[in-house]
Every structure is written in C-alpha cells, then in structure tokens.
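Architecture at a glance
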Amino acid sequence: MESVNDMRIKNGLMLLLTAFIWGTAFVAQSVGMDYVGPFTFNSVRNFIGAFVLLLFIPLLDKVNRQSAATVNASNSDAASATDIASTSSSSVSDKKTLIIGGIVCGILLAIASSFQQVGIVYTTVGKAGFITAMYIVIVPILGLFVGKKVRLIAWISVGLSVIGLYLLCMTESLSLGKGDILVLICAFCFSFHIMVVDYFSPKVDGVRMSCIQFFTCGIICGIPAMLTESPNLHAILTAWQPLLYAGVLSCAIGYTLQIVAQKNTDPVIASLLMSLESAFSLLAGWIILHQYLSPKELFGCLLMFAAIMLSQIPEKKSVAA
C-alpha cells in the first residue's frame, strides 16, 4: 500500500510536471496569437483538450474495471439489495457532483484565461507574469476563510516565491494600470480555481471533471470569439501546431494532472509548485530559444526552487504522552 510520504512525492512530481508543461507552452501560445485571436485560441485549445480526454476515458475505465474485478474476486459475499440501492443513490450523487465541479472549474478557467489574454494587451509580459502568479499569496489567504490552517513554513515559502517571481518577471517600476488590474482579476480567478479543484477533486473522477471543464471553457470562450474575432477555418488550420501543443499538453495533460495531483495535496503547496511555471518559461527560453537570462533572473529561479524545497519539509507530529 502506498505510504503518505510516497503519495506526497508522487503528487508533488505531477504538479512540477504541470508547471513545466505550462511554462514551456508559452512559446506555442505566443506563436498561436500570430494567426488567431485570444478567445479563438482559448476556445479551440480547450475543445482539443476535451476531445483528447474523451478518447482516453474508455481506456481508463477498462483499467479501473479490471482493478475492481481483482479486488472483488477476493470477496465472496454477494451484495444485499440495500447495498445495491445505496450504491445506485451514491452513483447519482457522484454524477451530479462531477458535473457541477467540472462546470464551475470551466467557468473559472474561462474567466481567468480571458482576463489574462486581454490584460496582456495593455501591460507588459513581465508584469503580467508576476501578477498572475500572485495566486501563491491569494490561495493561503482564501484558505483561511474556509478554515484551512497554513503552516509557518508555508508562509515563509510563499514569501520567498513572491520575491523570486519579482526578480524573474519585474523589469519596470511597480505600478498598476488598466492591464495590470485585468491580470490581477485573472490571478484571483486562478486562485478560486485552485480552491474549487481542491474541494471537488477528492470527490469525483479527476479525468472526467477535467473533460467537462474543457468543454465548458471552450464554449464560454467561443462566444466572444464568434462575436468579436470572426474566426475562420483557414486561420485555425494555419495555427494547428501551437493549438495542438497547447490543447494536448497544456490542457489535456497539464490541467488534468493538476486535478489528479491536488486530490491529496494542500492547495497552498500546490499553488507554490505550479507557480514554477514562470521559472520554467524563462528557463525554456534560455535553453531552447537562447534568450539571455540575467543574474537577477537566475537568482529569482534559485529562490523559487528553494521555496518549493522548503515547503515540502514534512510537518512534525506531536507525540502523545
């Protein structure tokens, strides 16, 4: 049986992979904007992510059925009528929770990504990256309102991460303009998204909830795309490579890993791990695109990695007398 520490390590690695995927997807998103508008890009990439998951759900169901059959083979007692009725009622309740969770996550994802895309038009990428990643501060504050205790070491990690993100992303004087406010709203939406995922992920199938999330986000983003951008098939097909990369990796794999890994992970720690997206995007630009990384930005990366390592120190449990 998997130990608690093994589970923490596995979930942490999945969230690190999520941050890596989101960070390296920046190039694809930038290239995609050369062919289609932001709402069109968000809508199409989310639909791609949803359809990819639809292909894998039957395969995952088959694996789960085989695992369940192995477990049931060791139990010879037949289920009673009361047990069957209880299971049926629970199944209906689970489906309702799954649909609600997926729709709420999809709405928040659509709002957050839309505010981010529009906000970037009016502010710099550096400011947008820093302000968006402020969810690492907002999440623990929101957690206090729902009764979640935050360890002192987590607050220290948050503080180090904020300093690291500042060194990574901020190159101008700190001031809030129109675009900055829009991106700040995006950061709050992403914070609520993390909290909602934390609430629903232990209760439902993560892959199915992710699929519903993408369909919801795709539909919501598709409405302003049709009204303001007049998307056409030729432009979408021209941008097939960045759209496919963002849809399959960033959406289908990245956001699904987030939902699955957050099932047994503190949302504050999850937000810290995912905030490494900014560091990975800069490192990817340095290694792949040969972009210059200043000593200040390198020090910011080191601070963020130090904060993540610090946050993973297990809590000391008091020994009963």
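Note that the structure is predicted; figures quoted are calculated from it, not measured.

Looking now at the overall build of the chain. For the chain, the helix and strand inventory stands at 14 helices and 0 strands. Each helix and strand of the chain, ordered N terminal to C terminal, gives the series α-α-α-α-α-α-α-α-α-α-α-α-α-α. Taking all 321 residues of the chain together, 45% fall into the buried category. For the chain, the share of sequence-separated contacts (at least 6 apart) that also reach a separation of at least 24 residues comes to 91%. Accessible area for the chain stands at about 16,900 Å²; split by element, carbon and sulfur atoms hold 70% of it.

Moving on, we come to the side chain of Thr-18. Following the sequence through the fold, Thr-18 ends up in helix 1 (residues 4-24). Not counting chain neighbours up to four residues away, the residues in contact with Thr-18 comprise Gly-254, Leu-257 and Gln-258.

Our next topic: empty space enclosed by the protein. Take a probe with the size of a water molecule and roll it over the atoms, and the empty space left behind shows itself. One pass over the structure, following the stated rule, counts 1 cavity of 30 Å³ or more. For the largest cavity, the calculated volume is near 40 Å³. Taken together, Val-139, Pro-140, Gly-143, Lys-148, Lys-149, Val-150, Met-195, Asp-266, Pro-267 and Val-268 make up the full set of residues lining the largest cavity. At the level of elements, helix 6 (135-145) and helix 12 (267-274) are the ones that each hand at least two residues to the lining of the largest cavity. Per-element tally for the lining of the largest cavity: the top contributor is helix 6, with 3 residues.

Turning our attention to the confidence of the model for the chain. Chain-level statistics for the chain give a pLDDT mean of 78 and a share of 79% at 70 or above. Here helix 5 (residues 125-132) stands out as the least confident element of the chain, with mean pLDDT 69; helix 9 (residues 206-229) is the most confident, with 92. Counting interchain partners and residues more than four positions distant, the pLDDT-below-50 stretch residues 76-89 has 1 contact.

With that settled, the discussion passes to the packing of aromatic side chains. Taken as a whole and assessed by the stated rule, the structure comprises 5 aromatic pairs. Taking the centre distance of 6.2 Å and the plane angle of 70 degrees together, the rings of Phe-214 and Tyr-255 count as edge-to-face. With a gap of 41 residues between them, Phe-214 in helix 9 and Tyr-255 in helix 11 (residues 240-261) connect regions that are remote in the sequence. Grouping aromatic residues by their ring pairs yields a cluster made of Trp-22, Phe-214 and Tyr-255. Note that Lys-203 overlies the ring of Tyr-199, its terminal NZ or CZ placed 4.7 Å from the centroid.

Take the environment of Pro-38 next. Structurally, Pro-38 is set in helix 3 (residues 38-73). Pro-38 sits in the partly exposed class, given a relative accessible area of 23%. Separated by 186 residues in sequence, Pro-38 and Pro-224 place their C-alpha atoms 9.8 Å apart. If we ignore the near neighbours within four places in the chain, the residues touching Pro-38 are Met-33, Gln-117 and Glu-229.

Its 24 residues place the ends of helix 9 33 Å apart at the C-alpha level, agreeing with the 34 Å of an ideal helix rising 1.5 Å per residue. Of the residues that open helix 9, the one with a side-chain oxygen 3.1 Å from the backbone nitrogen of Val-207 is Asp-205. Residue Ser-230 follows helix 9 closely and has a positive phi angle near 45 degrees.

Nonpolar side chains collect at one region of the surface, where Ile-141, Leu-144, Phe-145, Val-146, Leu-152, Trp-155 and Ile-156 lie side by side and expose about 740 Å² of accessible area between them. Sorting the residues of the nonpolar patch by element identifies helix 6 and helix 7 (152-169) as the ones contributing at least two each.

Bringing unusual backbone geometry into the picture now. It is generally the case that most residues other than glycine have a negative phi and that most peptide bonds are trans. With a phi close to 45 degrees, Ser-230 is a non-glycine residue in the positive phi region. Structurally, Ser-230 can be placed in the loop between helix 9 and helix 10 (233-238). Residue class for Ser-230 comes out exposed when judged on its relative accessible area of 56%.

This part is about the nonpolar core. Ranked by size, the top nonpolar core spans 51 residues in total, and within it Tyr-135, Phe-190, Phe-214, Val-268 and Met-274 carry the most contacts. If near-sequence neighbours (up to four positions away) are discounted, Phe-190 is found in contact with Leu-109, Ala-112, Ser-113, Gln-116, Thr-132, Tyr-135 and Tyr-255. Counting 9 residues, the second-largest nonpolar core is a separate cluster that includes Val-197, Phe-200, Val-204 and Met-209.

Cut-offs used in this document
Residues numbered from 1 in each chain as written. Predicted model: local features only at pLDDT ≥ 70, side-chain atom pairs only at ≥ 80, totals over all residues. Heavy atoms only, no water. Helix = DSSP H or I, 4+ residues; strand = E, 2+ residues; numbered from the N terminus. Buried < 20%, exposed > 50% of the residue type's maximum accessible area, 1.4 Å probe, protein only. Contact = heavy atoms within 4.5 Å. Areas by Shrake-Rupley, 256 points an atom, 1.4 Å probe, with all protein chains shown as cover. 1 Å grid on protein atoms, 1.4 Å probe; cavity = no way out; pocket = protein on both sides within 12 Å on 5 of 7 lines; lining within 4 Å. Points joined across faces, edges and corners; volume = space filled by probe spheres on them. pLDDT = per-residue confidence, 0-100. Phe/Tyr/Trp six-rings, centres within 6.5 Å; stacked < 30°, edge-to-face > 60°. Lys NZ or Arg CZ within 6 Å of the ring centre and 35° of its normal. Expected span 1.5 Å × (residues − 1). Polar contact = N/O pair within 3.5 Å; in protein donor to acceptor, adjacent residues only side chain to side chain. Patch = residues over 30% accessible without salt bridge, like charges linked within 9 Å, V, L, I, M, F, W, Y side chains within 5 Å. Salt bridge = Lys/Arg side-chain N within 4 Å of Asp/Glu carboxyl O. Core = buried A, V, L, I, M, F, W, Y, C linked by side-chain atoms within 4.5 Å.

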